[in-house]
Structures are given as C-alpha cells and as structure tokens.
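# Descriptive analysis of the structure
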Amino acid sequence: MRAFVVTKYREPLHEADVPEPVVGEHDVLVRVDAVGLNQLDEKIRLGEFKQVLPYSLPAIMGNDLAGTVLRVGGQVRRFRPGDEVFARPDKDRIGTFAERIAVAEADLAIKPASVTMLEAASLPLVSLTAWQALVERGRVQAGDKVLIHAGAGGVGSIAIQLAKHLGATVATTASGANADFVRGLGADVVIDYRDQDFEQLLSGYDLVLDSLGGTNLEKSLRILKPGGRAIGIAGPPDPAFAREMGLNPLLRVALTLMSRKVRRAARTLGVQYEFLFMRASGDQLREIANLVDAGALRPVVGQVHRFDEIPQALASLGTSGTRGKAVAHGPASG
C-alpha cells in the first residue's frame, strides 16, 4: 500500500510501501479519496509535538480524510461498504496520507452530501477545532462578541461562519487583501493586522479564538470583558491539557511553567485562558455535516494538489497565504 511516511523527525516525507491497515471489530476500512493538509502535519514531521505525541517512527502522516468505506468490523453499526465518509482520526491513529486507513467508528461520519470529496476533506480538523472552541467550550450564543484571529485561514474561515450561525457579532483579523473575503464569510468587523492594532479598536468581547500565540494572545486577553475567555490553539499548553493527555509529571511541570505568564495575566484581568488541542469526534462531525448541507457552513478550499505533491505542499503552508484549506487528491486519483 502506498503512503507518505516520516522515518526521522525533520527529514522530508517520503513515499513508501507499507502494510495494510489492521481492521478491528469497531473499525471501518476507508479508501482515501482526498486529504486535508494542515500545519499540524508539518509540525509533527518537524518533531515539535514529540514530547506530547510520541509517535513510533516510521509513521504514516496525515490528519484529515474523505473517502469511501470498503469494509467494516464485526461490531460496526453505523456504516457499510460504499458509504462516503469523512474524519479526523484519533491522535493516536493518524495516517491519512495513504491508500487506505482503518478509522474507529466513533471518529467517522457520513460526509456532507452537498460537497465534493476534496471539499469534505478540508473540514474535519478545522471544523472540529472551531466547534470545540465555540460550541463546546465557549458556549457562544446570540449577542456574544467573538474575535477570531487569522480569519482567512483554515480554522478562521470555518470559525467565522460557525460563530455567525450561533448569532454572535464577529470580529476578525486579516490582511487588507482578504477583507472582502472574510466579510463574505460573515465577519462584522475586520481589522487589517498590517496597519491596525486590534487592541486599540476592540473591547468588551466575550470570547477570543487565538491561533497565533505570543504577544497576540497577551493583547487578546485585554480586549475581553470581565469573565471573558481566550481559547488558544497555538499555545502555550496549560495544566488541564497536560492532565488530559496523561503526560508524565516532569512534562506536566514544564507545561505549567510555559503557560504561567499568560495564565497569571488572565487572572489579573479577571478573564480566562484555555489551551485547546482538538479531539476526534464522529458525533460532532455529524452536526457539522448537517450545517454544511443546510448551507450554514461552506468549505473553503484554497489549493488543490496531487497526492505526490503533498511533501512540498506541506512545507509551503506557512508561507503560501492560502485562503481556507489546502487539500490533495488521494493516491488513486492523483
């Protein structure tokens, strides 16, 4: 079976023949028809998460997929061969850059009927991130004021639409060239990060979804109203994340120290900071698929690549200025 693997951290992805997936009783074997490309994929390759996601190398890379069910395990009830599905596999079972993958039934959902395989593959990781930040943790409701950083990116372009669907007033940061684009997604207020300071223009916000970290996160705390919440997906990780991941005591201490400054600043301001590392959820993907088919959310695909272009495409993600997501065809189609 063809797949893209990483053999050593920091080395380029390379194509290899790998064993067929093992399909357990609760697993679904899926032919990979399309994949999403994420900066997480590149960060894993570079070893940036090896302390908290200690993959055994060589490992197949890839976190997003859309495809067709080939076979199901004996205890699977929701799916049957021929179903068109999409998923972000569990963090311990990634490997979508391959011809086939076995996915736990609980992590899989029928893809939205109204979109293509490539569009469906753009959704799982970013839409689950947006859902878990805005719905699950943020509990955004009508009338809330929400700031979403990097609104033209993969997470931002979905989060703007979801926040607007929930009834929030949505502000976002983007380049001037992307201002009309993010307004079209539903943004009410657009801050040009190149020549405007959002901290000077915004105040009294209920929630900030921060994908940049550092100084940007610190400034985000200051535009929240008392009791408001900043949810960071770029870090720093917090003690709750360390406990959730079951990390060893030394790593827990290290992560606690990494986030101490921002947590202290949040307490001083009377606001909250939380780190979010999204998790797989077929149930949430079903909710998201319903919103897509109802027209409340639309996938945003900015680049389409052949399967053999994946290594180069991943390396360029941080510099390409892509609107929305980059995706690639599965091995059989490209």
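Everything below is about the structure shown above.
Our subject in this report is the structure included herewith. (Residues numbered from 1 in each chain as written. Predicted model: local features only at pLDDT ≥ 70, side-chain atom pairs only at ≥ 80, totals over all residues. Heavy atoms only, no water.)

## Overview of the packing of aromatic side chains
- The final tally for this structure, using the stated rule, is four aromatic pairs.
- Where Phe4 meets Phe307, the ring centres are 5.0 Å apart and the plane angle is 40°; that geometry is what we call tilted. With Phe4 in strand E1 (residues 2–6) and Phe307 in the loop between strand E15 (301–305) and helix H12 (310–315), the pair connects residues that are 303 residues apart, well separated along the chain. In this pair, the class of Phe4 matches that of Phe307, namely buried.
- Judged by centre distance (6.0 Å) and plane angle (55°), the ring pair of Phe49 and Phe277 falls under tilted. Residue Phe49 is found in the loop between helix H1 (39–45) and strand E4 (59–60), and its partner Phe277 is found in the loop between strand E14 (272–275) and helix H11 (282–293); the two are separated by 228 residues along the sequence. (Phe/Tyr/Trp six-rings, centres within 6.5 Å; stacked < 30°, edge-to-face > 60°. Helix = DSSP H or I, 4+ residues; strand = E, 2+ residues; numbered from the N terminus. Buried < 20%, exposed > 50% of the residue type's maximum accessible area, 1.4 Å probe, protein only.)

## Details of the side chain of Asn216
- Note that Asn216 resides in helix H7 (residues 214–221).
- Under the relative-accessibility criterion, Asn216 is labelled buried at 18%.
- Side chain to side chain, Asn216 and His149 meet in a polar contact 3.2 Å long.
- In contact with Asn216, other than residues within four places in its own chain, are His149, Phe198 and Asp210. (Polar contact = N/O pair within 3.5 Å; in protein donor to acceptor, adjacent residues only side chain to side chain. Contact = heavy atoms within 4.5 Å.)

These results come straight from atomic positions and should not be treated as a statement about function.
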